[in-house]
Amino acid sequence: MDRHIAFEHLHNFRDLGGYRTADGAVVRRRTLYRADSLGKLRGPDRDRFLELGIGTVIDLRYPWEIAAKGRVPEAERFHYVNLSIEHRPYDQAEIDPDIDPWRYLADRFAEVAEDGAQEIRQVLETIAEAPGPAVFHCTSGKDRTGLIAAFVLTVLGVPEEQVLADFALTELATERLAADWRAANPGRVMKWPSYGRAPAVVMELVLADLDARHGSVHGYLKDRVGLSDRTAEQLRARLLTSAA
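Source: prediction; values computed, not measured.

Cut-off values and rules
Residues numbered from 1 in each chain as written. Predicted model: local features only at pLDDT ≥ 70, side-chain atom pairs only at ≥ 80, totals over all residues. Heavy atoms only, no water. Helix = DSSP H or I, 4+ residues; strand = E, 2+ residues; numbered from the N terminus. Rg over C-alpha atoms; globule rule 2.2 N^0.38 Å. Buried < 20%, exposed > 50% of the residue type's maximum accessible area, 1.4 Å probe, protein only. Contact = heavy atoms within 4.5 Å. Areas by Shrake-Rupley, 256 points an atom, 1.4 Å probe, with all protein chains shown as cover. Polar contact = N/O pair within 3.5 Å; in protein donor to acceptor, adjacent residues only side chain to side chain. Axes fitted to C-alpha atoms, helices over the stretch in contact; angles between N-to-C directions. Parallel < 35°, antiparallel > 145°, perpendicular 65-115°, else oblique. Left-handed = near helix turned anticlockwise from the far one by under 90°. Nonpolar A, V, L, I, M, F, W, Y, C, P; charged D, E, K, R; others polar. Core = buried A, V, L, I, M, F, W, Y, C linked by side-chain atoms within 4.5 Å. Salt bridge = Lys/Arg side-chain N within 4 Å of Asp/Glu carboxyl O. Expected span 1.5 Å × (residues − 1). Phe/Tyr/Trp six-rings, centres within 6.5 Å; stacked < 30°, edge-to-face > 60°. Arc of directions from axis to C-beta.

Draft legend 1. The overall build of the protein chain, seen in detail. On a plain count of helices and strands, the protein chain comes out with ten helices and seven strands. Taken over C-alpha atoms, the radius of gyration comes to 17 Å for the protein chain, in line with the 18 Å a tight globule of 244 residues would show. For the protein chain, the spread of C-alpha atoms along the three principal axes comes to 50 × 45 × 30 Å. Counting the 244 residues in the protein chain, one finds 52% classified as buried. Considering only contacts within the protein chain whose residues lie at least 6 apart along the sequence, 74% involve residues at least 24 apart. Summed over its atoms, the accessible surface of the protein chain is roughly 10,800 Å², and 49% of this surface lies on carbon and sulfur atoms.

Rendered as structure tokens:
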């Protein structure tokens, strides 16, 4: 199943639907999307986006990123929410190529999971309460977006191997994401040669860390994030359908 939706300027826009849960339900198609920066929407891309009928846009970036790169055009048309789940910025282009990059990224994800627990809860609540199709995004649709996608799929009961596979689909966009970085930073040299990569091992490490610290990802979401049983049930009712 090809989850990527083609845009000229967006490289990592995907439908999160279609995954099968452990108990046989299926995540609804055309209901929840994950994406790279919607500030890049223009021309035919904007028209294609509007055709999806999205009513809720959740922007996971820092306010300063939004100020520099823009938010979804005509944000007033949508229920637009900015919830910056990351609190400690870092520059992936500057990662030391001599260290284990996947462990390094997993440790940054751990910081987001701890620092951004309140915002993560708000993101999940916003998705649960959205009356129609919704999208969440960061800059590349890779790390912050990947973390939220993993949490949503886990709450829905999608097996971990599929959660990891969803994260790794960003690898199909890596080349274009790196090209975007080079175009935006003509005076810089990319220190880390794997910029834009998203191998499954990164999310595997993240989920294992949450298991070790909180007993399970569900334990983390309940005890640290404060995700209520009501919101979890809302997510399942809204995003799951019986298998055909």
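Alright, that's what it looks like, and here's the rest.
Draft legend 2. The arrangement of the side chain of Asn12 in detail. Within the secondary structure layout, Asn12 lies in the segment before strand E1 (14-15). Separated by 2.9 Å, the side chain of Asn12 and the backbone oxygen of Gly141 make a polar contact.

Draft legend 3. Quick peek at the environment of Met203. Looking at the secondary structure, you find Met203 in helix H8 (residues 200-214). Residue classification places Met203 among the buried residues on the basis of a relative accessible area of 0%. Through-space distance from the C-alpha of Met203 to that of Pro193 is 20 Å; in sequence the pair is ten residues apart. If we ignore the near neighbours within four places in the chain, the residues touching Met203 are Phe109, Gly146, Leu147, Ala150, Leu164 and Phe167.

Draft legend 4. Expanded view of the packing of helix H5 (residues 144-156) against H8. Two elements in contact, H5 and H8, have axes separated by 12 Å at closest approach and are oriented at 55 degrees. By the angle between their directions, the pair H5 and H8 is classed as oblique. Judged by the sense of rotation from one axis to the other, the crossing of H5 with H8 is right-handed. On H8, the residues that touch Gly146, Leu147, Ala150 and Phe151 of H5 are Met203, Val206 and Leu210. Among the residues forming the contact of H5 with H8, the class breakdown is six nonpolar, one polar and no charged.

Draft legend 5. Geometry of the nonpolar core. Counting residues in each nonpolar core, the largest one holds 61 residues, and the members touching the most others are Ile127, Phe136, Ile148, Val152, Met203 and Leu221. For this core, the element with the most residues is H5, which contributes nine residues. Ile5, Phe13, Leu41 and Ala75 belong to the second largest nonpolar core, which has 17 residues in total.

Draft legend 6. The arrangement of the pattern of salt bridges in detail. The final tally for this structure, using the stated rule, is 23 salt bridges. The salt bridge partner of Asp229 is Lys222, with a shortest N-O separation of 3.5 Å. By relative accessible area, which is 57% here, Asp229 ends up exposed. In this structure, Glu233 and Arg236 form a salt bridge, with 3.6 Å as the shortest nitrogen-oxygen distance. You can see Glu233 and its partner Arg236 sitting in helix H10 (residues 229-239), three residues apart, about one turn around the helix.

Draft legend 7. Spatial organisation of H5. Under the 1.5 Å per step criterion, the end-to-end length of H5 is 19 Å for 13 residues, consistent within 8% with the ideal 18 Å. Counted residue by residue, H5 has 13 buried out of 13 residues, so it is predominantly covered. After H5 finishes, the residue Gly157 shows a positive phi value of roughly 95 degrees.

Draft legend 8. Region of the structure containing the packing of aromatic side chains. The final tally for this structure, using the stated rule, is ten aromatic pairs. Taken together, a centroid distance of 6.2 Å and an interplanar angle of 85 degrees make the contact between Phe13 and Phe49 edge-to-face. Separated by 36 residues along the polypeptide, Phe13 in the segment before E1 and Phe49 in helix H1 (residues 44-51) bring together distant segments of the chain. Just as Phe13 is buried, Phe49 falls in that class too. Measuring from ring centre to ring centre gives 6.1 Å for Phe109 and Phe167, while their planes differ by 80 degrees; the resulting arrangement is edge-to-face. With a gap of 58 residues between them, Phe109 in helix H3 (residues 101-115) and Phe167 in helix H6 (residues 160-168) connect regions that are remote in the sequence.

Draft legend 9. Spatial organisation of helix H7 (residues 174-184). The set of residues buried in H7 consists of Thr174, Leu177, Ala178 and Trp181. Angularly, the buried residues of H7 cover 100 degrees about the axis, an arc narrow enough to put them on a single face. Facing away from the buried side of H7 by over 90 degrees, the exposed positions are Glu175 and Ala183.

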